[in-house]
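# What the coordinates show
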Amino acid sequence: MTHWLVVPLVLPLVAAMVNLLLGEREIGRQRLVSLVCASGLLVAAMVLLERAAGGGLTVYRLGNWPAPFGIVLVLDRLSGLLLTTTAVLALLSLLHAVNGDDARGHHFHVFFPIQLLGINGAFLTGDLFNLFVFFEVLLIASYCLSLHGGGPERVRASLRYVALNLIGSALFLLAVGALYGLTGTLNMADLGSKVAAAPVEQVALLRAGGLLLLVVFGLKAAILPLHPWLPPLYGSVLAPVAALFAVMTKVGVYGILRTVTLILPPQGAVGGAIAEVLPLLALLTLAAGGLGVLAAARLRTLIASLVVLSVGALLAGIGQFNAAGIAAALYYLPHTTLVAAGLFLLAEPITCQRGEVEDRFIPGPPLLQPTRLGLLFVLGAVAAAGLPPLSGFIGKLMLLRSVAPADGPWLWIVVLGASLLTLIALSRAGSRLFWGTAGTAGAAGTVGWRQLLPAALLLAASIGMTIAAAPISRYTEAAAHQLLAPQQYIDAVLGASATGGKP
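In every chain, residue numbers begin from 1 and rise along the written sequence. In keeping with the predicted nature of the model, local features appear solely for residues at pLDDT of at least 70, side-chain atom pairs appear and are counted solely at 80 or more, and the whole-chain, interface and lining totals rest on all residues. The side-chain values count all of the structure's non-hydrogen atoms but skip hydrogen atoms and water molecules.

Our next topic: the overall build of the chain. Check the secondary structure of the chain and you find 20 helices and two strands. Over its C-alpha atoms the chain spans a radius of gyration of 22 Å, differing by no more than 12% from the 23 Å that the globule rule assigns to 503 residues. Dimensions of the chain along its principal axes, counting C-alpha atoms only, are 75 × 60 × 40 Å. For the chain, buried positions account for 58% of its 503 residues. Whether two residues are in contact is decided by their heavy atoms: any pair within 4.5 Å suffices. Intrachain contacts of the chain at a sequence separation of at least 6 include 79% that bridge at least 24 residues. Method for areas: the Shrake-Rupley scheme with a 1.4 Å probe, in which residue coverage is limited to the protein chains shown. In the form shown here, the chain has an accessible surface area of approximately 18500 Å², with 70% of it arising from carbon and sulfur atoms. Each helix is a run of DSSP H or I of at least 4 residues and each strand a run of E of at least 2, with the numbering of both proceeding from the N terminus. Using C-alpha atoms as the atom set, the radius of gyration is obtained and then compared with a globule rule of 2.2 Å times the number of residues to the power 0.38. Classification of residues uses two cut-offs on accessible area relative to the type maximum, computed with a 1.4 Å probe and protein chains only: under 20% is buried, over 50% is exposed, and between them is partly exposed.

Shown next as structure tokens:
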């Protein structure tokens, strides 16, 4: 069973190599390989999720080298949840892409699995340097996917995205170098134990390294003031690419969560600086996302601002540094990821049927399928705004209940205010897109349920999470308690005997 940990890495790598050898003339076979890969990843993620639900940590030592000298993969409840969310998102995004978006550029079926390799590796690695490596893998693939299909708007947004992330990668290397120079290790478990026992004279430098990590992960997560790259990029790329990118910001959130619970916990002298600034950044990001949603002039930009807002909500839960807050964030994470991805996929047929007006909030031709698209839009809007009874409401209710009385007023005001702005913006968007019509219907064809199925399933995930709210919340609460007991992670990694390269 231990070898299941390498499946999320090996399977997309093999799929990418096979698709590269097949070449673009064999796009039918490439699609088959990618779909088999995505389906296999979903099966593997579910197996790993069930294994993680038992509470134990599974450690895989590549080459059977002992930690902290060798590379380790670590499965806990957090990584199991994120792997499953990514696998569901990847399969449904791919099902949408094979309707024709994958043929609008070069090598889509090479870069798509490479991106999955980087994302999965980031969630599984137990080494800070290899987290940097997997970040670079997913970023290089995302650079290529963001340019898929061409167009001046897409190129401008992508170049800005590339430039900022190159700076982020340089800062990541500086942080890694500083931490290695001070502690002599980059294994996360070993870092956690050595930072806790660091001498007083190293505290300032370790704190600087930790703040550098916060900047790097904050750039990936798009927290204020490092978020302006996200709305233009997510608003311009192709729908299945934007849907997959919905989980990319969660890699940054994962990096912050892993850092503040394992490497630099808030009760330590080093992690205290991050603990002080993180709640404020969360509130500011929430406010920026709410204002961005309200100011959006296009549907895709609005959805992209929802992603920024969701990052603020996630960090608000993590910034409580208690089990209830982290559990709320972990419940809200798959909800917001899947719903945002579903809205990105839904925006494509709406945009096509409005002709030259596209998804701008100005009068345009009436939609050819207002009822079908409208029902899906209402489902997505209710879920995204956090209205009862869907899972967005449950996640925000869990978040508000986790707040300490002394910190309650500000978080309640910002969370509820951002939700109100989201509701206003989505109501305005729906009225302009479906009722604010002018002229006659455009020439774009209708879309069948086969094309709408991926978007419908992603949006319906909110209903599924509502029905299964009790077991999911129990899982996230257990994951939060596991994260807040880092000694279990440290013992599992540094004390693992023969749990790695041999089954």
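Our focus in this paragraph is the environment of Ala 103. With respect to the secondary-structure elements, Ala 103 resides in the loop between helix 3 (77-97) and helix 4 (108-124). The sequence separation of Ala 103 and Ile 463 amounts to 360 residues, and the corresponding C-alpha distance is 32 Å. With residues near it in sequence (within four places) discarded, Ala 103 still touches Ile 27, Arg 31 and His 148.

Next up on the list: the nonpolar core. Throughout this description, the term nonpolar core refers to a set of buried Ala, Val, Leu, Ile, Met, Phe, Trp, Tyr and Cys residues connected via side-chain atoms within 4.5 Å. Membership of the largest hydrophobic core comes to 181 residues, with the highest contact counts inside it found for Leu 128, Phe 172, Tyr 234, Leu 302 and Leu 346. Discounting chain neighbours no more than four positions away, the residues touching Phe 172 are Leu 128, Leu 131, Phe 132, Phe 135, Leu 213, Val 216 and Phe 217.

Judged by side-chain polarity, Val 10, Leu 13, Val 14, Met 17 and Val 18 come together as a nonpolar surface patch covering roughly 380 Å² of accessible area. As for its placement among the helices and strands, Leu 13 is situated in helix 1 (residues 7-22). Classification of Leu 13 by relative accessible area gives partly exposed; the value is 36%. Exposure above 30% relative accessible area and no salt bridge define the residues that can form patches, which grow by joining like charges within 9 Å and nonpolar side chains of Val, Leu, Ile, Met, Phe, Trp and Tyr within 5 Å. Salt bridges are defined as contacts in which a side-chain nitrogen from Lys or Arg sits within 4 Å of a carboxyl oxygen from Asp or Glu.

Structurally, Leu 214 can be placed in helix 8 (residues 203-221). Taking the C-alpha atoms as reference, Leu 214 lies 25 Å from Asp 491; in sequence the two are 277 residues apart.

Take the pairing of strand 2 (residues 72-75) next. Burial along strand 2 is two-sided: Val 72 and Val 74 facing one way and Leu 73 and Leu 75 facing the other are all buried. Here a strand pair is declared whenever DSSP counts at least two bridges between the two strands. Two strands pair when backbone bridges link them, and strand 1 (residues 58-61) and strand 2 are joined in this way by four bridges, in the antiparallel orientation. Opposite Val 59, over in strand 2, you have Val 74 as the bridge partner.

Two measures describe an aromatic ring pair: the distance that separates the ring centres and the angle between the ring planes. Two aromatic rings, drawn from Phe, Tyr or Trp (for Trp, its six-membered ring), form a pair once their centres lie within 6.5 Å of each other, and the interplanar angle then sorts them: stacked below 30 degrees, edge-to-face above 60, tilted otherwise. Following the criterion strictly, the structure yields 13 aromatic pairs and no others. Pairing Phe 123 with Tyr 254 gives two aromatic rings, centres 5.3 Å apart and planes at 75 degrees, and the pair type is edge-to-face. One end of the pair, Phe 123, is in helix 4; the other, Tyr 254, is in helix 11 (residues 248-263), and 131 residues separate them in sequence. Under the relative-accessibility criterion, Phe 123 is labelled buried at 0%. When the ring of Phe 377 is compared with that of Phe 434, the centres are 5.6 Å apart and the planes differ by 50 degrees; the resulting orientation is tilted. With a gap of 57 residues between them, Phe 377 in helix 15 (residues 370-385) and Phe 434 in helix 17 (residues 408-434) connect regions that are remote in the sequence. With respect to burial, Phe 377 and Phe 434 carry one shared label: buried.

Restricting attention to buried positions, one finds in helix 7 (residues 188-196) the residues Met 188, Ala 189, Asp 190, Leu 191, Gly 192 and Val 195. On its buried face, helix 7 is in contact with helix 5 (128-146), helix 6 (152-183), helix 8, helix 11 and helix 20 (486-494). Two or three places before Ala 189, at the opening of helix 7, Asn 187 has a side-chain oxygen 3.0 Å from that residue's backbone nitrogen. Here a polar contact is taken to be a pair of N or O atoms separated by no more than 3.5 Å, where protein atoms must pair a possible hydrogen donor with a possible acceptor and residues adjacent in sequence count only if both atoms sit in side chains.

To continue, consider the layout of surface pockets. Using only the protein atoms, space was sampled on a 1 Å grid; points where a 1.4 Å probe fits but cannot get out form cavities, open sets with protein on both sides within 12 Å along at least five of seven lines form pockets, and lining residues are those with an atom within 4 Å of a point. Grid points are joined across faces, edges and corners, and a volume is the space filled by probe spheres set on the points. Approximately 600 Å³ is the volume found for the largest pocket. Taken together, 32 residues make up the lining of the largest pocket; nearest its centre are Asp 101, Arg 104, Leu 238, Glu 348 and Cys 352. Among the secondary structure elements, those contributing two or more residues to the lining of the largest pocket are helix 6, helix 10 (239-245), helix 14 (323-353) and helix 18 (449-467). Of the residues forming the lining of the largest pocket, the biggest block, seven residues, is contributed by helix 14. Split by residue class, the lining of the largest pocket holds 13 nonpolar, ten polar and nine charged. Considering only enclosed or pocket space, the second largest pocket measures out at about 370 Å³ in volume. Contributing to the lining of the second largest pocket are 13 residues, with Leu 49, Leu 81, Thr 84, Pro 334 and Ile 472 lying nearest its centre. Counting residues per element, the ones that place at least two in the lining of the second largest pocket are helix 3, helix 14, helix 18 and helix 19 (469-483). Element by element, the count of residues in the lining of the second largest pocket is highest for helix 3, at four residues. Partitioning the lining of the second largest pocket into residue classes produces ten nonpolar, three polar and no charged. Put simply, Ala, Val, Leu, Ile, Met, Phe, Trp, Tyr, Cys and Pro go in the nonpolar bin, Asp, Glu, Lys and Arg in the charged bin, and everything else, Gly too, in the polar bin.

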